[in-house]
Amino acid sequence: MPINKDNPEQWLDDIDASVAYYNEWFMTFAPEAFRDTRAATSHQVDKALAVTKNLTDLTPQVLMESPDILPILRMATCPPIARDRLMGIAGLSKNLISKMEDPVNPSIPPRMPKEDLMEQLDRLLSIIQKMADPDLFLWLSENRQPTESEKQRAAAVIADRLCGNITDPIIRNAQEKRQLTALRQYLKHKGYSQVDSAKGVRFNELKPGEFSFRMNIPVYLNRGSERQYGIHIPINAVVQPLSSRRGDFPLLLEAKSAGDFTNVNKRRKEEAQKMQQLRNTYGPNVRFVLFLCGYFDAGYLGYEASEGIDWIWEHRIDDLEEYL
């Protein structure tokens, strides 16, 4: 019972409506999401300036105790220096930089020989000191302590540089959160109850009338004549319709948003690959539906339709009723 994939005469109107819907959200909420992230980033910059005594105390020991300040130090140079560029110029090991810039647990590689570690950190800091932005850190060349206004200005500029590097992820995360909120509100209005996937409930254990977010679906890897589970596919929303019987395969919803037409056509094969893996594992009747908002053009829609993938537009979320 496809809703949109078999109705190409309706695609262009929906594309226009979806673009307008996304643009309205972007103009209203994207600046707020960016400001929130910038505020959190500003606190991180303040900490980095404090532990380095406003960049006057750059030592290997400081980096060993606070490895998470490395991205901030890279943004303190003129020009700001990319991670790979820093590795190349200073001759640093990829493992060292990857560990220090791990987004979850920044650290120093525990097994790295100390002599090698100290040598690499010295080279790293030498580059940062040579390239420190002279227009931001006036006090370094003048061999004095900064004024409060100078510190605030430097922190604000570095925070903006950091956020500028991650603007797209900030917007994507905010949009995904909003899409899942829209799904939650719609499903609860229809009498569904949410199950916390973190409590160990599997996707095929949901009862009729239950849904959950961010669940992992195991799929087969084919090895000769053997079929065995090899990977898990992350799915944004899993819904067991009220009309289903216990044990029926649930509805899988993948939330997708896009702020331009270019990137979606680069990523359109991702959904087709997921669908193929799901069908290989669970059979041809798998219901895998996209939940779209934003810039998805006819080329993208045609590709997904040719792969047997249907979609629901967020601006017409009531269409989801057909799957429930």
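Remember, it's a predicted structure, so these values are computed and weren't measured experimentally. (Residues numbered from 1 in each chain as written. Predicted model: local features only at pLDDT ≥ 70, side-chain atom pairs only at ≥ 80, totals over all residues. Heavy atoms only, no water.)

> How would you explain the side chain of Thr52 if you had to name every residue and give the values?
When you line up the elements, Thr52 lands in the loop between α1 (11-51) and α2 (60-65). A polar side-chain atom of Thr52 sits 2.8 Å from the main-chain carbonyl oxygen of Ala48. In this view, Thr52 contacts Asp57, Leu58, Val62 and Ile69; residues no more than four positions away in its chain are not counted. (Helix = DSSP H or I, 4+ residues; strand = E, 2+ residues; numbered from the N terminus. Polar contact = N/O pair within 3.5 Å; in protein donor to acceptor, adjacent residues only side chain to side chain. Contact = heavy atoms within 4.5 Å.)

> Can you tell me about the packing of aromatic side chains, naming the residues and giving the values?
Applying the stated criterion across every chain, the model contains eleven aromatic pairs. Consider the rings of Phe203 and Phe249, whose centres lie 5.7 Å apart with planes at 65°: the pair is edge-to-face. Pair noted here: Phe203 is in the loop between β1 (193-194) and β2 (210-223) and Phe249 is in the loop between β3 (226-240) and β4 (251-258), with a separation of 46 residues, a long-range link. Judged by its relative accessible area of 5%, Phe203 falls in the buried class. (Phe/Tyr/Trp six-rings, centres within 6.5 Å; stacked < 30°, edge-to-face > 60°. Buried < 20%, exposed > 50% of the residue type's maximum accessible area, 1.4 Å probe, protein only.)

> Go over the pairing of β4 with me, naming the residues and quoting the values.
Across the eight residues of β4, eight count as buried, placing the element largely inside the fold. Burial along β4 is two-sided: the residues Leu251, Leu253, Ala255 and Ser257 and Leu252, Glu254, Lys256 and Ala258 are all buried. Relative to strand β5 (residues 287-294), β4 runs parallel, the two sharing eight bridges. Considered in β5, the bridge of Lys256 is made with Leu292. With respect to chirality, the unit in which β4 leads through helix α10 (residues 261-282) into the neighbouring parallel β5 is right-handed. (Pairing = 2+ DSSP bridges. Right-handed = clockwise from strand over helix to strand, strands pointing away.)

> Help me get a handle on α10, residues and values and all.
End to end, α10 covers 32 Å across 22 residues, agreeing with the expected 32 Å (1.5 Å per residue, within 8%). When the local axis directions of α10 are compared, the greatest deviation, roughly 40°, occurs at Arg267. Backbone geometry just downstream of α10 places Gly283 in the positive-phi region, at approximately 100°. (Expected span 1.5 Å × (residues − 1). Bend = angle between axes of the 7 residues up to and from the residue.)

> Got a sec to walk through the packing of α10 against helix α11 (residues 298-306)? Specific residues and values, please.
Interaxial distance between α10 and α11 falls to 10 Å at its minimum, and their mutual angle equals 15°. Classified by the angle their axes make, α10 and α11 are roughly parallel. Judged by the twist between their axes, the crossing of α10 over α11 is right-handed. On α11, the residues that touch Val264, Asn265, Arg268, Lys269, Glu271 and Ala272 of α10 are Gly299, Tyr300, Tyr303 and Glu304. Here the residues of the contact of α10 with α11 sort into four nonpolar, two polar and four charged. (Axes fitted to C-alpha atoms, helices over the stretch in contact; angles between N-to-C directions. Parallel < 35°, antiparallel > 145°, perpendicular 65-115°, else oblique. Left-handed = near helix turned anticlockwise from the far one by under 90°. Nonpolar A, V, L, I, M, F, W, Y, C, P; charged D, E, K, R; others polar.)

> Talk me through the pairing of β5; I want residue IDs and the actual numbers.
Among the eight residues that make up β5, seven are buried, leaving the element largely enclosed by the rest of the structure. Relative to strand β6 (residues 310-313), β5 runs parallel, the two sharing four bridges. The residue bridging Phe291 from the neighbouring strand is Ile312, located in β6. Running through α11, the crossover from β5 to the neighbouring parallel element β6 is right-handed.

> Got a sec to walk through the packing of α1 against helix α9 (residues 167-189)? Specific residues and values, please.
Closest axis-to-axis distance for the α1/α9 pair is 9 Å, and the angle between their directions is 115°. The two elements α1 and α9 meet at a crossing, and its hand is right-handed. Along the contact surface, α1 presents Tyr21, Tyr22, Trp25, Phe26, Ala30, Ala33, Phe34 and Thr37, while α9 presents Thr167, Ile170, Ile171, Ala174, Gln175 and Arg178.

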